[in-house]
Every structure is written in structure tokens, then in C-alpha cells.
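What follows is each chain in one-letter form.
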Amino acid sequence: MREIAVFGGSSHPELTAEICAHLRVPQRPVLLKRFANDCLEVQLQSNCRERDVFIIQSLVRPVQEHLVELLLMADAARGASAARVNAVIPHYAYARSDKKDAPRISIGGRLVADLLVTAGVDRVLTLNLHSPQVHGFFSVPVDHLHALRELAAHFRQRDLSNAVVVSPDLGYAKSAAAFARRLGLPVAAGAKERMSDTEVRIAAIIGDVAGRDVIVLDDEISRGTTVFELLDRLREQGARSVAVACTHGLFADNALDKLAASDVTEIVCTNSAPLETEHSKLTVLSVAPALAEAISRIHNGESVSSLFDH
Ligand code: R5P
């Protein structure tokens, strides 16, 4: 069996440390240098030759810095004769750029996938891509986990006798339905249209939310524009209470404080992205055990999909 070697980029050291603790392997050191011309250089400070190398890097702010760092780390591992280079990307931010929905725009999700492969990545492990087709942007194998198991375990501790799961848009309704099935709940979805990064319109909610305890489920909360628009519709339609859950809690522009100041009962996310602030309404669930289990299975050539099926 080839030895496993786990390295972490600078995006989320706490998650890397937690994953290594679950795997019971040491985190290998990395030296990152920035030159006067602003270029980066990475040195993996542990032997990679014929090792099964895992590089953990979440593409969170500053995304471009963390992306280049990941590309350089993959290149360094390949150049050091790694047997296999696995990129573990808990949050693949460029997944939101997945279609040509305006003239002459770039499709970053596909381009970054190609860049990773060009840099030497042989395999990707990631979590809740914004849309399922992004999986197919990669020309190498991708293990695509979700956090529905963790989120469902959290909400099973609540009184769900009057609850309904609501997806803000039809695109995420399939995942919301899978989540609702796990909890034995009905599902509803918003008819959402995004005008810009800061403006969305939810014209209607398809499904019954009146008098219900709503669990809003989304892949990510960024500025919170989507959730705030959905909260307006839910109030108009007489929802009794609203809890908000997502995989990627990015909380740009003070979205966490704003959301916590609203009438939502709780906010639940995972630690796929590092969180700078805390709040009494916020619960952060760890995806480290799931990622560590997947890494272990990939390393041992065991099935991953059987563990994390939808
Ligand atoms: C978009 O389609 C996603 O599913 C999320 O709803 C979106 O990324 C959230 O962004 P924001 O919080 O800025 O509305």
C-alpha cells in the first residue's frame, strides 16, 4: 500500500487539522513564499515520491490566491513524483459559473477544472457543487459528497411534526427533496430568478407553507440575498417559523449578522468554509469526519458512493 501524504493550503487550516486528526495521519508542512513581484512559490516540505498525495484547499476568499496556491501545490506534488495527486476542495467556488447565460461571458467552473488537471490533479474530492453538471466539467474522477446526512442529523433533534423543507429555487429542489425524504417531510420550492449578484426575485412558492415550521435548505448563503427574498415570501404566505440551513456558509457582507437579527429561529451550516464570526443562532456542523472517511476510502480503493449516496 502506498503511503498517504496530506498537505493543506492556507485557506482553512482548522479543517485540514481536523481531517488529519480523524485520519490519524500527520499534516505535512508546506512553505509558501511571496516574491517582490507578487508571485507565489510553494514548497512541499515532505517526501511525495510514489505517495498518495491529498491537498486540502477550500476555494474561499481570497479565491484567486487560494486557487493559485492549490495549482502550485498540485504542480509541486506532480513534479516530486507523487503516485497520485488528489485535490480535496470542500468549497469549489467557481461552480457558480456553470453556464453561458449572457453573451460573451466566461464559464469559470469549467476553466478552473481544466486548470486543476493541467496542474497535475488526478482526482477531486468535493462537497455540494452548486449544480450537478459541474461534476462533468472535470476530465478526472470526482467524488462529490453532500452534507445532507449531517444537516438531517441536526434537524432530527428538533420537533418536525409540523415542518416542511423549502428550496429557494427549482434548481436545488431535487436536493431539498432528498433532504426532506431523510426527515420524512414534505418539500416546497421557490420560483427564483436571479437578476444580478445582489438581486433576486422569488415570484411564488410552489407547495404549502402556511402555518408550517419551515426549514430553508440551500447549497450556500453568500450575501443572503436569496434567503432574505425567500423570508419575505414565507412571511406573506403565513409560515409559522423559519430555520435556515446550507452547506457552504460564506456569509459575505455581514450576511450572518443580518440574518441572525431577523426572525429566523436558527442558522445551520457546515465548516466547508472558515467562519470569521460566531452567533448564538448559528450552528456549524463539521464535515471533517465525512471528508476523512472519503479520503480513507479513496486511498484504500473502496467505494465512496455507497457511503454518501443521495
Ligand atoms: C444560487 O443559485 C445558490 O443556490 C444560492 O442561492 C446563492 O448562491 C446564494 O447567494 P446569496 O446568498 O448571495 O443570494
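This write-up is about the structure you can find in this document. (Residues numbered from 1 in each chain as written. Predicted model: local features only at pLDDT ≥ 70, side-chain atom pairs only at ≥ 80, totals over all residues. Heavy atoms only, no water.)

Thoughts on the state of the cysteines
And step 1. Counted under the stated rule, the structure contains zero disulfides.
And step 2. There is no disulfide at C269, and the cysteine sulfur nearest it, in C246, is 5.2 Å away.
And step 3. Classification of C269 as buried rests on a relative accessible area of 0%. (Disulfide = S-S within 2.5 Å. Buried < 20%, exposed > 50% of the residue type's maximum accessible area, 1.4 Å probe, protein only.)

Considerations on the packing of helix α1 (residues 13–23) against helix α8 (residues 288–300)
And step 1. Contact pair α1 / α8: the axes reach a minimum separation of 8 Å and the direction vectors enclose 55 degrees. In terms of axis orientation, α1 runs oblique to α8. Considering only the axes of α1 and α8, their crossing is right-handed. Listed contacts from α8 to L15, E18, I19, H22 and L23 of α1 are A288, P289, L291, A292, I295 and S296.
And step 2. Classifying every residue of the contact of α1 with α8 gives eight nonpolar, two polar and one charged. (Axes fitted to C-alpha atoms, helices over the stretch in contact; angles between N-to-C directions. Helix = DSSP H or I, 4+ residues; strand = E, 2+ residues; numbered from the N terminus. Parallel < 35°, antiparallel > 145°, perpendicular 65-115°, else oblique. Left-handed = near helix turned anticlockwise from the far one by under 90°. Contact = heavy atoms within 4.5 Å. Nonpolar A, V, L, I, M, F, W, Y, C, P; charged D, E, K, R; others polar.)

Section: empty space enclosed by the protein
And step 1. Within the structure shown, the criterion is met by one cavity of 30 Å³ or more.
And step 2. What the largest cavity holds in volume is close to 40 Å³.
And step 3. Lining the largest cavity, in full, are H91, Y92, A95, L127, N128, L129, H130, D219, E220 and H248.
And step 4. Residues that form the lining of the largest cavity fall into these classes: four nonpolar, four polar and two charged. (1 Å grid on protein atoms, 1.4 Å probe; cavity = no way out; pocket = protein on both sides within 12 Å on 5 of 7 lines; lining within 4 Å. Points joined across faces, edges and corners; volume = space filled by probe spheres on them.)

Focus on helix α2 (residues 63–79)
The α-helix advances 3.6 residues per turn, and as a result positions three or four apart in sequence lie on the same side.
And step 1. Under the 1.5 Å per step criterion, the end-to-end length of α2 is 24 Å for 17 residues, consistent within 8% with the ideal 24 Å.
And step 2. On the buried face of α2, the contacting elements are β1 (4–8), β3 (30–34), β4 (40–44), β5 (52–56), β6 (84–89) and α3 (108–119).
And step 3. Residue S81 follows α2 closely and has a positive phi angle near 65 degrees. (Expected span 1.5 Å × (residues − 1).)

Here we look at the pattern of salt bridges
And step 1. Summed over the entire model, instances satisfying the criterion amount to 25 salt bridges.
And step 2. Between K192 and D169 there is a salt bridge, with its nearest N and O atoms 3.6 Å apart. Pair noted here: K192 is in strand β10 (residues 187–196) and D169 is in the loop between β9 (163–167) and α5 (173–183), with a separation of 23 residues, a long-range link.
And step 3. In this structure, E229 engages R233 in a salt bridge whose closest nitrogen and oxygen atoms are separated by 2.8 Å. Here E229 pairs with R233, and both are found in helix α6 (residues 225–236), just four residues apart, close to one helical turn. For the pair formed by E229 and R233, the shared burial category is buried.
And step 4. Through salt bridges with shared partners, a single network forms among R96, D197, E220, R223 and D253. (Salt bridge = Lys/Arg side-chain N within 4 Å of Asp/Glu carboxyl O.)

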